[in-house]
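What follows is the residue order along each chain.
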Amino acid sequence: MSKHKILSVGIHSTYNLGDVAIMTMVHNMFTDGGYQVEKMDFNFRAVVENTFPFLAQKFTSSEVSDSVKISKHNYLNNRLFKTLRNCLKLFFYWPLVLAIFLRKSRGCSKVFIGGGNLLMGVEYGFPLQALTYVLLSKLTGKRVSFLCVGAGPFTAPGVKFFLGYALRLSDRIICRDSESMKLIEREFGSDFVKLDVIPDPVLLWPKVGKKSCRYDVLINVLPLFSVSIFPDGDQQKANNFRVTIERLIDELISRDLTVGLFITDATVDAQIGKQIVEGVLANTGTQLTLEIPNNPNELAMLCNDTHVIFSSRMHGAIMALSQHIPALCICWQPKIEGLYSELQMEDLLVKLDDIGQFSVSDTVRKIFKVHTKRQAYIDYIELKLDKIKSQYIELWVTL
C-alpha cells in the first residue's frame, strides 16, 4: 500500500462550477504535494454511470417513467415518497459502488472525502453516501478524512444519526468555514475526532490575466427558495427574492452603472437568469447580458471583467475574491457567514429578511462604498489570501 497514493471522493460529475473548482483545487494541491490521486465521485449514481455508461440511458428512461406515474397520482408526489424512492436507488447502486471502490482504492493508504457541502441532511442521500464511504474505508484498513467540507442544515428526521456515525468513524474533519465546525461541535460533540477549519480552497484559484472591465457590477443569481430546488422551499419567498434582485439592478442602471448577470450552474440557474433579464428589460428597457461560463477558469476570467461582484452563490463570491475582486454576498446560509467571518469582511454580507427580500438601498450604498474604496479592498484581499496560502502549506504536510 503506497503512502503516496490516495483516493479522493468528491462531486465531479456536475454543472455546478463551485463544486468543479473545489475538486480541481484539492487535486492540484495533492498532485503538487507529490501524491498520486485516484478520483471517485461522491454521488453513487455518477459513480455507476461513469463506470458503466450504457446504464445511464436505462436509469434516465426509468426516471422519466416514474415522473409520468407521479404526475398522474399526485398523492404520491410528496416528500416522503421521494425520500423512500431515492433511498431505494442508493441501495440498488450499492453493490456496484462497492466493487468500484475496491478497485479504485487498491494501493491507497488514505481516503479523503470532500470538498463541498457534503455534511448536510435535507434528504438522506448525502448522509448515507458519506457513511458508506467511511465504512468502506475503515473495513479496508484505510485512514479516512473529510476535507474542506461544509455542514448543515440537518432537517430530515433522523439524519443526524447517519452523519454522526460517519463523523465518529472518521480520523479527521477539516471544515471549510468556522460555522460548519461550530455546528458539528454543537450537534455531535468535539471529543471524538480531530476538528480543524481552513477557508475554501477556491480562494487560492490562480490569478488570470487582467481584462478591461466591461461591467461596473456583475450579479450572480440562483433560484433561492425555489421549491423545485430546495426540499423546504417556499415559492412566495422565491418570487420575492427574484423581484428584489430585479429592483436592485433597476436601481443600479438608473445610476448609470453598467450591470451584467451571470450564473455558475447552467442546469439550475438558467431559468431565473432568463426571468431576471426579461424583468429588467420590461422595467428599464435595458437588455442585460447573461454570462454563462463553461468552467472555473472562464468564471475567473469573467470576475476580472468587473469592478464589483454581487453574488447569491457562495462560489460566485469566492472566485471573485480569488481574483482580488471585492464581492458582496447574500447571507442565506451559515457557511457564507462563516467564510466572511474568517476573512473579517462581514461588512460585505447582505442579509435577507423573513420573506426572502433584502434592502436594495443598503445594498446600493455598499456597492458604491466598494467602488469608492476599491483599491483598499483589493489590498486587504491580497493580504488575506497570502495568509490563507500559508495556512494550506502548513496543513497539507499534516495530511
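Bear in mind that the values here come from a model prediction, so they are computed numbers and not experimental data.

Trainee: Could you give an account of the overall build of the chain, naming the residues involved and the relevant values?
Mentor: Tallying secondary structure elements over the chain gives 14 helices and 13 strands in all. At 22 Å, the chain has a C-alpha radius of gyration in line with the 21 Å of a compact globule built from 399 residues. Judged by the C-alpha coordinates and their principal axes, the chain covers about 60 × 55 × 40 Å. Put simply, 74% of the contacts in the chain that link residues at least 6 apart link residues at least 24 apart.

Trainee: With reference to specific residues and values, describe the nonpolar core.
Mentor: Core analysis: the largest hydrophobic core is formed by 87 residues, its most contacted members being Ile 219, Ile 249, Phe 310 and Tyr 340. Ranked by the residues each element gives to this core, the list is headed by helix α1 (residues 17-32), at 8 residues. Residues in contact with Tyr 340, not counting those within four places in the same chain, are Ala 317, Leu 321, Ala 327, Leu 328, Cys 329, Met 345, Glu 346, Leu 348 and Leu 349. Counting residues in each nonpolar core, the second largest holds 43 residues, with Val 9, Ile 100, Ala 156 and Cys 175 among its members.

Trainee: Could you give me a rundown of the packing of aromatic side chains, with the residues and numbers involved?
Mentor: Tallying each qualifying case throughout the model produces 15 aromatic pairs. Between Phe 161 and Tyr 165 the ring centres are 6.4 Å apart and the planes differ by 15 degrees, which places this aromatic pair in the stacked class. With Phe 161 and Tyr 165 both in helix α6 (residues 159-169) and 4 residues apart, this pair spans about one turn of that helix. Look at Phe 161 and you get exposed, because its relative accessible area is 57%. Chaining the aromatic ring pairs together yields one cluster made of Phe 30, Tyr 35, Phe 112, Tyr 392 and Trp 396. Directly above the aromatic system of Phe 225 lies the positively charged group of Lys 237, at a separation of 4.5 Å from the ring centroid.

Trainee: Break down the environment of Pro 296 for me, with residues and values.
Mentor: For Pro 296, the position within the fold is in helix α10 (residues 296-303). The exposure class of Pro 296 is buried, given its relative accessible area of 6%. Not counting residues up to four positions away in its chain, the partners in contact with Pro 296 are Leu 17, Val 20, Ala 21, Trp 205 and Met 319.

Trainee: I'd like a rundown of empty space enclosed by the protein, residues and numbers included.
Mentor: Following the criterion strictly, the structure yields 1 cavity of 30 Å³ or more and no others. Within this model, the largest cavity holds a volume of roughly 50 Å³. If you trace the largest cavity, you find it lined by Asn 117, Ala 151, Gly 152, Glu 179, Ser 180, Gln 333, Pro 334 and Lys 335. Among the elements of the structure, β5 (143-154), α7 (178-188) and α12 (334-342) are those that each provide at least two residues to the lining of the largest cavity.

Trainee: Would you mind going over the sheet that holds strand β12 (residues 327-331) in detail, with residue names and values included?
Mentor: Pairing in this open sheet of 6 strands is parallel, and the strands run β10-β9-β8-β11-β12-β13 from one edge to the other. Each of the sheet's edge strands pairs with one partner strand only, and the pair in question is β10 (290-291) and β13 (349-351). Sheet strands in contact with α12 are β12 and β13, and its direction is about 145 degrees off that of β12.

Trainee: Explain the confidence of the model for the chain to me, and be specific about the residues and the numbers.
Mentor: On average, the chain scores 89 in pLDDT, and the residues at 70 or more come to 90%. Note on residues 59-77: pLDDT is under 50 here. Beyond four places in sequence and across chains, it has 13 contacts.

Trainee: Describe the pattern of salt bridges, with residues and values.
Mentor: If you walk through the whole model with that rule in mind, you get 14 salt bridges. Here Glu 38 ties to Lys 104 by a salt bridge, and the two come within 3.4 Å at their closest N and O atoms. Placement of Glu 38 in strand β2 (residues 36-41) and of Lys 104 in helix α4 (residues 79-104) is noted, with a sequence separation of 66 residues between them. The class for Lys 104 is buried, based on a relative accessible area of 16%. In this structure, the salt-bridge partner of Arg 172 is Asp 196, at a minimum N-O distance of 2.9 Å. One end of the pair, Arg 172, is in strand β6 (residues 172-175); the other, Asp 196, is in strand β7 (residues 194-197), and 24 residues separate them in sequence. Given the relative accessible area of 8%, Arg 172 is considered buried. What you see here is one network of salt bridges that share partners, running through Lys 138, Arg 143 and Asp 171.

Trainee: Tell me about the layout of surface pockets, residues and numbers included.
Mentor: Considered as a void within the structure, the second largest pocket measures approximately 400 Å³ in volume. Lining the second largest pocket we find 18 residues, and of these Met 29, Leu 204, Lys 389, Tyr 392 and Ile 393 sit closest to its centre. Those elements giving two or more residues to the lining of the second largest pocket turn out to be α1 and α14 (374-396). Counting residues per element, the lining of the second largest pocket draws most heavily on α14, at 7 residues. Split by residue class, the lining of the second largest pocket holds 10 nonpolar, 3 polar and 5 charged.

The rules we used
Residues numbered from 1 in each chain as written. Predicted model: local features only at pLDDT ≥ 70, side-chain atom pairs only at ≥ 80, totals over all residues. Heavy atoms only, no water. Helix = DSSP H or I, 4+ residues; strand = E, 2+ residues; numbered from the N terminus. Rg over C-alpha atoms; globule rule 2.2 N^0.38 Å. Contact = heavy atoms within 4.5 Å. Core = buried A, V, L, I, M, F, W, Y, C linked by side-chain atoms within 4.5 Å. Buried < 20%, exposed > 50% of the residue type's maximum accessible area, 1.4 Å probe, protein only. Phe/Tyr/Trp six-rings, centres within 6.5 Å; stacked < 30°, edge-to-face > 60°. Lys NZ or Arg CZ within 6 Å of the ring centre and 35° of its normal. 1 Å grid on protein atoms, 1.4 Å probe; cavity = no way out; pocket = protein on both sides within 12 Å on 5 of 7 lines; lining within 4 Å. Points joined across faces, edges and corners; volume = space filled by probe spheres on them. Pairing = 2+ DSSP bridges. Axes fitted to C-alpha atoms, helices over the stretch in contact; angles between N-to-C directions. pLDDT = per-residue confidence, 0-100. Salt bridge = Lys/Arg side-chain N within 4 Å of Asp/Glu carboxyl O. Nonpolar A, V, L, I, M, F, W, Y, C, P; charged D, E, K, R; others polar.

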